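Structural characterization, general
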Amino acid sequence: MIVRAASPDDVPAIADLYEELAHFYGVGVEPLADRLVQIRAALFGELPAGALLLAWDGSELAGAAAYSFLWPAVGMHRSLYLKELYIAAAHRRQGVGKLLMARLFEVAAEHECSRVEWTADDVNVDAQRFYAELGVPVRTSKLFYRVSLS
């Protein structure tokens, strides 16, 4: 298993994995051509919206961790925010998530982040169990707000 940053050549594989992710969440899937354009713009466009770590099992994309940096966090440091951790169904419970999280923590340290933060859906007990197995406690001191613009 190899974990590395996404490159423009990975966009078709990312589009396929994110189609599986959309089915996982029970949301509609945009046409492939639209997904390819959106992924290229979000990761490799003029103003990237985030970054993506990929876990490869040979030529198969096994999982991905989408993240971005937030500022300020503690003091004037930045934090790394994990937006989405997704492991392909065929690769779950094989250590892929742990590899991606370990690399994510390394990326945060390399960029002198004061913390790594993320959320999990309250109904996703598998994700909650996974994070508990990492030894990460749940923080209940914040509330989550969202305004949909589209």
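To be clear, the structure that these remarks concern was listed above.
Fair warning: this is a prediction, and the values are worked out from it, not measured in the lab. (Residues numbered from 1 in each chain as written. Predicted model: local features only at pLDDT ≥ 70, side-chain atom pairs only at ≥ 80, totals over all residues. Heavy atoms only, no water.)

**Let's talk about the packing of helix 1 (residues 11–25) against helix 2 (residues 32–44)**
For the pair helix 1 and helix 2, the least separation of the axes is 9 Å and the interaxial angle reads 115 degrees. By the angle class used here, helix 1 and helix 2 are roughly perpendicular. For the pair helix 1 and helix 2, the sense of crossing is right-handed. Facing helix 1, whose interface residues are Val11, Pro12, Ile14, Ala15, Asp16 and Glu19, helix 2 presents Leu32, Arg35, Leu36, Ile39, Arg40, Leu43 and Phe44. Taken together, the residues that form the contact of helix 1 with helix 2 break down as nine nonpolar, no polar and four charged. (Axes fitted to C-alpha atoms, helices over the stretch in contact; angles between N-to-C directions. Helix = DSSP H or I, 4+ residues; strand = E, 2+ residues; numbered from the N terminus. Parallel < 35°, antiparallel > 145°, perpendicular 65-115°, else oblique. Left-handed = near helix turned anticlockwise from the far one by under 90°. Contact = heavy atoms within 4.5 Å. Nonpolar A, V, L, I, M, F, W, Y, C, P; charged D, E, K, R; others polar.)

**Here's the deal with the pairing of strand 5 (residues 115–118)**
As judged from the four bridges shared by strand 4 (residues 79–87) and strand 5, these two strands associate in the parallel manner. Pairing of tyrosine 81 across the sheet is with glutamate 117, part of strand 5. In this fold, strand 4 hands off to helix 3 (residues 96–110), which returns the chain to strand 5; that crossover is right-handed. (Pairing = 2+ DSSP bridges. Right-handed = clockwise from strand over helix to strand, strands pointing away.)

**Some details on a nonpolar patch on the surface**
On the surface, Phe24, Tyr25 and Val27 cluster together to form a nonpolar patch covering roughly 270 Å² of accessible area. Among the secondary structure elements, valine 27 is positioned in the loop between helix 1 and helix 2. (Patch = residues over 30% accessible without salt bridge, like charges linked within 9 Å, V, L, I, M, F, W, Y side chains within 5 Å. Areas by Shrake-Rupley, 256 points an atom, 1.4 Å probe, with all protein chains shown as cover. Salt bridge = Lys/Arg side-chain N within 4 Å of Asp/Glu carboxyl O.)

**Concerning the packing of aromatic side chains**
Tallied over the entire structure, the rule returns six aromatic pairs. Centre to centre, the rings of phenylalanine 24 and tyrosine 86 are 5.7 Å apart; their planes meet at 65 degrees, and the pair counts as edge-to-face. Linking phenylalanine 24 in helix 1 with tyrosine 86 in strand 4, this pair joins segments that are 62 residues apart in sequence. A ring pair is formed by tryptophan 118 and tyrosine 131, whose centres lie 5.1 Å apart and whose planes are at 45 degrees; its orientation type is tilted. With tryptophan 118 in strand 5 and tyrosine 131 in helix 4 (residues 125–133), this residue pair connects regions lying 13 residues apart in the sequence. According to the relative accessible area criterion, tryptophan 118 is buried, its value standing at 18%. (Phe/Tyr/Trp six-rings, centres within 6.5 Å; stacked < 30°, edge-to-face > 60°. Buried < 20%, exposed > 50% of the residue type's maximum accessible area, 1.4 Å probe, protein only.)

**Looking at the environment of alanine 5**
Tracing the backbone shows alanine 5 in strand 1 (residues 2–5). C-alpha separation for the pair alanine 5 and alanine 64, spaced 59 residues apart in sequence, amounts to 9.5 Å. Beyond its immediate stretch of four places on either side in the chain, alanine 5 contacts Asp10, Leu52 and Leu53.

**Regarding the pairing of strand 2 (residues 51–57)**
Of all seven residues that make up strand 2, five are buried, and the element is covered over most of its length. Pairing of strand 1 with strand 2, which is carried by four bridges, proceeds in the antiparallel orientation. What sits directly across from alanine 5, in strand 2, is leucine 53. Sheet analysis places strand 2 next to strand 3 (residues 60–70), joined by seven bridges and oriented antiparallel. The partner of aspartate 57 across the bridge, within strand 3, is glutamate 60.

**A few points about the nonpolar core**
Residues Leu82, Leu85, Leu100, Met101 and Tyr131 are the most contacted members of the largest nonpolar core, which totals 20 residues. At the level of elements, strand 2, strand 3, strand 4, helix 3 and helix 4 are the ones that each hand at least two residues to this core. It is helix 3 that provides the largest number of residues to this core, a total of six residues. Contacts of leucine 82, omitting those with residues within four sequence positions, involve Ala65, Ala66, Tyr67, Met101, Leu104, Glu117, Trp118 and Tyr131. Membership of the second largest hydrophobic core comes to 17 residues, among which are Ile14, Ala15, Leu43 and Leu54. (Core = buried A, V, L, I, M, F, W, Y, C linked by side-chain atoms within 4.5 Å.)

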